[in-house]
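# Structure assessment
Read off the chains here:
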Amino acid sequence: MSTEQAKAELIEEFGFFDNWMDRYQYIIDLGRELPPLPDEWKVAQYRIEGCQSNVWIHHQREGEVLHFDATSDAAIVAGLIAVVMRIYNDRSAEEILATPPDAFKQLGLEQHLSPTRNNGLHAMLAHIYQVAEREARG
Amino acid sequence: MKIHDNTEAELLLDVDVIRAEFPILARRVHGDRPLVYLDNAATSQTPQAVIDVLDDYFHRYNANIHRGLHCLADEATAAFEESRESVRGFLNAADKREIVFTRGTTEAINLVAQSYGRAFLQPGDEILVSMMEHHSNIVPWQLLAAERGLSIKTIPVDSRGVLDLAAYAGLFTSRTKLVAVTHVSNALGTVNPVDELVRIAHAHGARILVDGAQAAPHQAIDVQALGVDFYAFSAHKVYGPTGVGALYGRLELLEAMPPWQGGGEMIKLVRLDGETTFADPPHKFEAGTPAIAEVIAFGAALRWFSRFPVDLVDEWERRLLLGATEGVKRIEGARVIGEAPGKAGVLSFVIDGVHAQDIGLLIDQFGVAIRTGHHCAQPLLHSFGLDATCRASFAIYNTLGEVEAFLDALERVVKMVRG
């Protein structure tokens, strides 16, 4: 599945909900399904500090693809991380770089990505592109 | 969750009538949710009477103050100075020259740090601040301490959120020159015994500055009875506009202090080939054109608020606080942060397994405005082992119905996050 297909799938899933409560409930549920982040990665080195909540993100190369593990101490941010992972995780650096960062906008979640909200998500997404760029350059 | 009926304070205050004076409280948010505004410790809303004053200023007499000879300048100057008199009355200061207009509490504290602090504190001197201070009553002293080689000592707070007075008294040495402490904690609602803090500070020959930002909307303030040297507060937490506040300083201190910012308005004579001389207080500390409309509206807000007996306001807000506190405590895993006896206006809490940010974000969707985070009091929150709390804070216009709406929304939010 391409990143565009992953986005389309998410847009379809989010399209099922006609009220904010169900949408947020779905986001929270997605966050619950994130694989637990091992404790040794839940350290300052992998932390992106937000104003109120924190994000931890770790990556490693697995063959041709980049594998990310990430989580947050806040439920909604964790759910939004799960959305990011559906699109970006286990893909080649080239695939990541070819993906326009517009998924949140298409999902109607762009307010969570604004740098002024400062919940770590914006910085996390930027981090994913930076990692991909480093990998692509070799 | 149903809270029992009207109390005497609500009837005597006629809260519904007061509410009707605040156009913004009729707003709906996120579609058709009635706004439940419980972020009053951050900023209070503004009654029509004060909005009208701002409007009237720009319609009729917008002019720069103090030096103009024309009609508009006269009227603006008179209204501006009438505000100074209103602030003086509100604080029961002895003399209106003791009232300096600033951009707010933060600037008032910085003024004292930069003017009094630079002139009168020597390397090795000590400043006492409490663990419960807002960053605005910590950082100005840290900047001063770094520049002047001072040390800062911390007055501890116990697990209820009460200042440790015995420890406070024990911190003084011959080098202690200044105490900077809040009247009411913005993060916990603790009301500090300012008269006692002043007595102990003065017994050791130290000056004391009190941050009154959170006290001003909840209780009568009498700077003479309290005996404080400096007292700072902001308009926008007492039903006035943002961008203005006031510093009270005892006249002999203000007279002895050097100017902080230079500019127009604060001078007597300016010479390029000799010595520039400065105006007397308070003008010595009011360089440049101030926020004239906002200062005039500040005075109007204090006069508006002074219509209500402050004891009744306090009683009503305590009733709201009690209802909210009892309701929050019924939620499984909820913990109230700050349980000082007689606390005012603020309910801070955390809920096990539910991040404060999630609560703030989701409860907003129900139309309920609260604040989540560290409330600019990181040292205090860290002392409780926390990074963030949820804070609901109350004002004269809030109702028990709103407290119920807040509690209902909170229960639903907790259920959503816990699943």
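Our subject is the structure that appears above.
Residues numbered from 1 in each chain as written. Chains lettered and ligands numbered in written order. Predicted model: local features only at pLDDT ≥ 70, side-chain atom pairs only at ≥ 80, totals over all residues. Heavy atoms only, no water.

## A look at the overall build of chain A
Filter applied, for reference: Under the DSSP-based scheme used, a helix requires at least four consecutive residues in state H or I and a strand at least two consecutive residues in state E, with every element numbered from the N terminus. What the globule rule says is 2.2 Å times the number of residues to the power 0.38, and the radius of gyration is computed from C-alpha atoms. Partly exposed residues are those whose accessible area sits between 20% and 50% of the maximum for their type, while under 20% is buried and over 50% is exposed, using a 1.4 Å probe and protein chains only. Contact definition: two residues touch when any of their heavy atoms are within 4.5 Å. The Shrake-Rupley method, run with a 1.4 Å probe, gives the accessible areas here. Residue values count only the displayed protein chains as cover. Note on charges: Lys and Arg go in the positive column, Asp and Glu in the negative column, and His and the chain ends are not counted at all. A single reference atom marks each charge: NZ on Lys, CZ on Arg, CG on Asp, CD on Glu.
For chain A, the helix and strand inventory stands at six helices and three strands. In chain A, the succession of α and β elements from N to C terminus is α-α-β-β-β-α-α-α-α. The C-alpha atoms of chain A give a radius of gyration of 14 Å, which matches the 14 Å a tight globule of 138 residues would have. Across its three principal directions, the C-alpha atoms of chain A cover 45 × 30 × 25 Å. Relative to its 138 residues, chain A shows a buried fraction of 48%. Considering only contacts within chain A whose residues lie at least 6 apart along the sequence, 62% involve residues at least 24 apart. Accessible surface for chain A amounts to roughly 6900 Å². Of this, 50% is attributable to carbon and sulfur atoms. The distance from the centre of the 12 positive side-chain charges to the centre of the 22 negative ones in chain A is 5 Å.

## Structural notes on the interface of chain B and chain A
How big an interface is tends to be expressed through the accessible area that disappears when the partners come together. Quick note on the threshold: Whenever a nitrogen or oxygen atom comes within 3.5 Å of another N or O atom, the pair is scored as a polar contact, on the condition that within protein one atom can donate a hydrogen and the other can accept it, and that pairs from neighbouring residues in sequence are kept only if both atoms are in side chains. Each residue is assigned to one class: nonpolar for Ala, Val, Leu, Ile, Met, Phe, Trp, Tyr, Cys and Pro, charged for Asp, Glu, Lys and Arg, and polar for all the others, Gly among them.
Listed as interface residues are 16 residues of chain B and, on the opposing side, 17 residues of chain A. If you look at where chain B meets chain A, you find five residue pairs in polar contact (both at pLDDT 80 or more). Breaking the side of chain B that touches chain A down by element, the ones donating at least two residues are α13 (356-365), β16 (371-373) and α15 (400-418) of chain B. Here the element with the most residues in the side of chain B that touches chain A is α13 of chain B; it accounts for five residues. Across the side of chain B that touches chain A, the residue classes tally to five nonpolar, seven polar and four charged.

## Considerations on the sheet that holds strand β14 (residues 346-351) of chain B
Residue and element names in this part refer to chain B. Stated precisely, the cut-off is as follows: Two strands make a pair as long as DSSP finds a minimum of two bridges between them. Lines fitted to C-alpha atoms define the axes, with helix axes restricted to the stretch in contact, and inter-axis angles between N-to-C directions lie between 0 and 180 degrees.
Pairing within the open sheet is antiparallel, and its four strands lie in the order β13-β14-β17-β16. Unpaired on one side and paired on the other, β13 (334-336) and β16 mark the two borders of the sheet. Pairwise comparison of adjacent strand axes, ignoring direction, gives a mean angle of 30 degrees for this sheet. In this structure, β16 lies alongside strand β17 (residues 389-393), joined through three bridges in antiparallel fashion. Paired with T372 across the two strands is C390, which belongs to β17. Here helix α12 (residues 310-329) sits on the sheet in contact with β13 and β14, set at roughly 5 degrees to β14. Running over the sheet, α15 touches β14 and β17 and is turned about 20 degrees from β14.

## Some thoughts on the layout of surface pockets
Rolled over the atoms, a probe with the dimensions of a water molecule shows which regions are left empty. All names here are of chain B. What counts here: Every definition here rests on a 1 Å grid over the protein atoms only: cavities are sets of points where a 1.4 Å probe fits but cannot get out, pockets are open sets enclosed by protein on both sides within 12 Å along at least five of seven lines, and lining residues have some atom within 4 Å of a point. Grid points are joined across faces, edges and corners, and a volume is the space filled by probe spheres set on the points.
Here the largest pocket defines a volume of roughly 1100 Å³. Listed by contribution, the elements that provide at least two residues to the lining of the largest pocket are α5 (105-120), α13, β15 (368-369) and β16. With six residues, the single largest contributor to the lining of the largest pocket is α13. Considered class by class, the residues forming the lining of the largest pocket number 15 nonpolar, 26 polar and eight charged. Of the voids in this model, the second largest pocket is the one considered here, and its volume is about 280 Å³. Considering the residues around the second largest pocket, the lining is formed by 16 residues, among which V354, H355, A356, L386 and A388 are closest to the centre. No other element matches the three residues that β14 contributes to the lining of the second largest pocket.

## Some thoughts on the packing of aromatic side chains
Counted only if it meets this: Pairing of aromatic side chains here covers Phe, Tyr and the six-membered ring of Trp, requires ring centres within 6.5 Å, and sorts the geometry by plane angle: under 30 degrees stacked, over 60 edge-to-face, intermediate tilted. Placement of a charge over a ring requires the Lys NZ or Arg CZ to be within 6 Å of the ring centre, with the centre-to-atom vector within 35 degrees of the ring normal.
According to the stated counting rule, one finds 22 aromatic pairs over all chains in the structure shown. Seen in terms of ring centroids, F22 of chain B and Y239 of chain B are 6.0 Å apart; in terms of plane orientation they differ by 65 degrees. Their pairing is edge-to-face. On the criterion of sequence distance, the pair formed by F22 of chain B in the loop between α2 (15-20) and β1 (28-29) and Y239 of chain B in the loop between β9 (230-234) and β10 (245-249) is long-range, its members being 217 residues apart. The exposure class of F22 of chain B is buried, given its relative accessible area of 2%. Of the residues examined, Y239 of chain B reaches a relative accessible area of 1% and is grouped as buried. These aromatic residues form a ring-pair network of at least three members: F22, Y239, W304, F305, F308 and Y397 of chain B. Above the face of the W56 of chain A ring, K42 of chain A is positioned so that its terminal group lies 5.1 Å from the ring centre.

## A closer look at the packing of helix α3 (residues 48-61) of chain B against helix α4 (residues 71-91) of chain B
Residue and element names in this part refer to chain B. Under the convention used in this document: By definition in this entry, angles of less than 35 degrees are roughly parallel, angles greater than 145 are roughly antiparallel, angles of 65 to 115 are roughly perpendicular, and the rest are oblique.
Across the interface, α3 lies against α4 with an axial gap of 10 Å and an inter-helix angle of 160 degrees. The angle between α3 and α4 places the two elements in the roughly antiparallel class. Facing α3, whose interface residues are Y57, R60 and Y61, α4 presents L72, E75, A76 and A79. Residue composition of the contact of α3 with α4, grouped by class: five nonpolar, no polar and two charged.

## Focus on empty space enclosed by the protein
Residues and elements named next belong to chain B. The full count for this structure, using the stated rule, is one cavity of 30 Å³ or more. Roughly 60 Å³ of volume is contained in the largest cavity. Lining the largest cavity are 14 residues, with N40, A41, P217, H218 and F394 sitting closest to its centre. Considering only residue class, the lining of the largest cavity consists of six nonpolar, six polar and two charged.

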